[in-house]
Each structure stands twice: as structure tokens, then as C-alpha cells.
Amino acid sequence: MAADSDSEAEIIVIGAGAAGLIASAVAAQRSRGSVCLLEKNRKTGVKILMSGGTRCNLTHDTDARGITTAFGHARRFLQPSVGSFDPSAVVAMFNDLGVRTKRESTGKIFPVNDRAVEVRDALHRQAENAGVQIRRPCAVIDVQPEAGDWVVDTDQGRLRCKRLIVTAGGRSYPGCGTTGDAYAWLQRLGHTIMPTHPALVPLVGGPSWMHDLSGVTVDDVAVSVRQMCGQRTVKNPLLVRRASWLFTHFGYSGPGAMDVSRYLTGPTDDDERRFLTIDLTPEVSGTQWEEILRGGDGQSGRTRVGSLLGRHLPSRLADALTLHSDADHTLASLPAAGRRRLVDRLKRLNVPVADSRGFTKAEVTAGGVDLSQVDPRSMASRIHNGLYIAGEVLDVDGWIGGYNFQAAFSTGRAAGIAAARSLETASDT
């Protein structure tokens, strides 16, 4: 729907993704003024439609603290908005909108019918029922303040509004239209944009024997991000994440690899190098493995090492570790050096990373609008009055498992409430 030149709305929301759809609906529900939602694509919620393998993992079964913990440096920033609209509130909202949900064993929350389109349709319907005017396709070119209002230049003409909410997303999955457009507008307005890089993205690297394990999943590993400063390895890991791990033909994927990926794709100091190790058996200590491989724990000395490892790991991985540790022996004939080498690989397997699959395969963007320039309770810009910023365009990125949609819903809602309240307060004075 094309916009008329210099047409007006009280509140304009840019970007009809998870944050924008809920921000516009809430703003319309709480304000007497008109609300317009602009979307550059022909469809709203394109990223929602393809998320979770088109199933849409919409949040996680935890409390507000459990959500914010997943966001590292952004944890404290997200506490007010997530605390006001936590996972139970998100589930209740979707239930009220007619979307029944289910909890999977991992804690992920999905729609019962595993259809992302149902989630998108419910959010779209909620916005329309609240009176939001949704204009699409309508690409924003620039935004600027003017005489107490906001001017939004689009490919359909110029719009004016009293309050502006930017929920235009980051750079992940650019095929969805999220190409980082808003960074330039916001930077021109004086906002600092923290360097952006892929997060929740599969990693590239590893020797050929690991690539030969393509398709092998280890259900529970401890992934450590470690640092080298010059020639010195820092004793304590930068991060340890417990999750499943998937070997692929190009490298690594699955929650374990994707959750730590932001630490491998982002900028580092000139003398710093980061690398990954994984503990393949976090429930079995190195000392316990030493005892088991000596024939303890009731093991027969005639037991083959590969057969023993296969009781704890997928058989293909067990065979590969045995072969590449020179441990293809019975327990009785396993040399001490081979035993030590095998235990080291079981507990501290080095997984070389050369690159990532980039923004085209990244689920979220790390980096974005500097959080110190945004009020965490209202998502209001600390630089310009009447401007609100929410969702992935902010410097927030969390673990896989519904955490990022939760942050989008919570920050979008906070922005919608604050913009409507500000508008109503101004009209009453």
C-alpha cells in the first residue's frame, strides 16, 4: 500500500518483525492516536516464518533471569523489559491469540502444530485488530527529526509522526530483508553502532577426519572458548557452554557451536587469538577415564578401546577418536602414551575454526546500537526525544532456543508502551 506524500501518523514503527509487530499492536491498544507499521517486504514477519526450521521456537521455558543470563553483556539492559514481559507472559499472549504452545524436552517452546506461520499470523492479526495500518512493501530510506516531529522518507513518499519506533532488525538472514538498513540512519542521528558480526552461526574448519563425521551429533558436550594472548594461553576459558554438538561436512553446527560462535566471529585485540576445545564426556572425568582405560570399572583387558568408547559416544566418533589417537588396541595392550593421548582428546578435543558461514546463515546479529544510549525500561533513545529502538537492531544477542525472540517481544512491547504513554501524556498537557 503506497503512502501519500507528507502523510501523517501519530506513531510509526519501522520493521514488521517480531519486535515491530508487537510494538505496533501495543502502541495502538494504548494510544488514541494512529499507528502505522512499515515493512520493506511484501509479507510481515518473514524471519518468523523461516525460524526454527519453519516451526518457530518462540521462547524458552525459564524465568526472566534465565532469559537474560543468555545475553552476556546485555543481561542487565534486558532485565527491565524481560522482567515485565517474561516467557510465561509470552506464552499467555499467544494462547490468548489462539496459538496453543508446547514445551519440548530441551525447554524450547513451539506452537503445538509446529507451524511458524501460525505465530506470524497471530501477531499480524493482533496488530490489525488494534487498528494498526500496515504498509508493505514500503522501504525506509532515511529518518530525521524536524520541528518536534519525525520525518520518515520511504520509497513510497514522505511520512511524518510524533513518535518513531525503529525495529528494523540486524544483518542476519539478509534474504529476509534484514540488511542492516537502520544502522546508517541511527548513526547519522548520533547513535554509536557497535561492530556487527554473525552470531548463532555454523562454524567452518577442522581436519578431514572431522568432516568425515558429518551428521554425527553428540548430545552433551562442554564447549570452551579459550584465548591466547601472544604465546600465552589464558588459564580460564572466556566461556563454557553445555549443549549438543553436530559435526558437518564444512565444520560444526548445533547449539554448542552456534551458541559460542559470536566469540569466534567478532573483533579481537591484535595479539589475541581465540580457539575452541570440547569436552566430549563432561559426565566422566579425566581421572575416571584413566581408570576405565586401565581396565578398571570391571572392564576385561580383551575389550577393544573403540568398543568401550562406543558405550559413551556415537560409534563413528568413537572409531575416529580411537584411530586418530593411535589407540586401536585392547585395553590390556594400550600403551600409556596412547591412553594419555586418548583421554586428552576425550576431555580437551581441539576443534580448529577457520571461519563461519556468515550473515547468510546466521540466526542473529551480534553488535548494533550501543545499549548505553537507550533507556532499558522504555527503549527510548537517550539522544533524541520521541525515538525508540527495539529488537535485533540493538546490541543484544543470546543463545539458541527462543531467547532472541523473547528479547524481541519484550523490548518491542516496552517500546510500544512507552511511545503510547509519551504521546498520551503530551496530549494531556
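Going by the structure above, here's the rest.
Below or above, wherever it landed, is the structure these notes cover. Bear in mind the structure is a predicted one, so any value in this text is a computation, not a measurement.

Here we look at the sheet that holds strand β4 (residues 59–60)
Taking strand neighbours across the sheet as the criterion, the three strands line up as β4-β6-β5 in an open arrangement whose pairing is antiparallel. A strand with exactly one partner marks an edge of an open sheet, and here the two such strands are β4 and β5 (101–103).

Description of the sheet that holds strand β8 (residues 140–146)
Strand order in the open sheet made by the four strands is β1-β10-β9-β8, with mixed pairing throughout. In this open sheet, the two edge strands, each paired with only one partner strand, are β1 (7–8) and β8. Note: β1 against strand β10 (residues 157–161), two bridges, orientation parallel. What sits directly across from E8, in β10, is R160.

Points about helix α6 (residues 116–129)
Taking 1.5 Å per residue, 14 residues should reach 20 Å; α6 reaches 20 Å between its end C-alpha atoms and fits that length. Of the positions making up α6, those classed as buried are A116, V119, R120, A122, L123, H124, Q126 and A127. Downstream of α6 by one or two residues, G131 has phi in the positive range, about 100°.

Considering the nonpolar core
Core analysis: the largest hydrophobic core is formed by 84 residues, its most contacted members being I12, L164, L186 and F409. For this core, the element with the most residues is helix α15 (residues 403–428), which contributes eleven residues. Other than its neighbours up to four places away in sequence, L164 contacts I12, I14, V143, W150, V152, G386, L387 and Y388. Core analysis: the second largest hydrophobic core is formed by 38 residues, W245, F247, L280 and V351 among them.

Structural notes on the packing of helix α1 (residues 18–30) against α6
Two elements in contact, α1 and α6, have axes whose closest approach is 8 Å; the angle formed by their N-to-C orientations is 25°. Put simply, α1 runs roughly parallel to α6. In this structure, α1 meets α6 at a crossing whose hand is left-handed. Of the residues in α6, those in contact with L21, S24, A25 and Q29 of α1 are L123, H124, Q126 and A127. Across the contact of α1 with α6, the residue classes break down as four nonpolar, four polar and no charged.

Definitions and cut-offs
- Residues numbered from 1 in each chain as written.
- Predicted model: local features only at pLDDT ≥ 70, side-chain atom pairs only at ≥ 80, totals over all residues.
- Heavy atoms only, no water.
- Pairing = 2+ DSSP bridges.
- Helix = DSSP H or I, 4+ residues; strand = E, 2+ residues; numbered from the N terminus.
- Expected span 1.5 Å × (residues − 1).
- Buried < 20%, exposed > 50% of the residue type's maximum accessible area, 1.4 Å probe, protein only.
- Core = buried A, V, L, I, M, F, W, Y, C linked by side-chain atoms within 4.5 Å.
- Contact = heavy atoms within 4.5 Å.
- Axes fitted to C-alpha atoms, helices over the stretch in contact; angles between N-to-C directions.
- Parallel < 35°, antiparallel > 145°, perpendicular 65-115°, else oblique.
- Left-handed = near helix turned anticlockwise from the far one by under 90°.
- Nonpolar A, V, L, I, M, F, W, Y, C, P; charged D, E, K, R; others polar.

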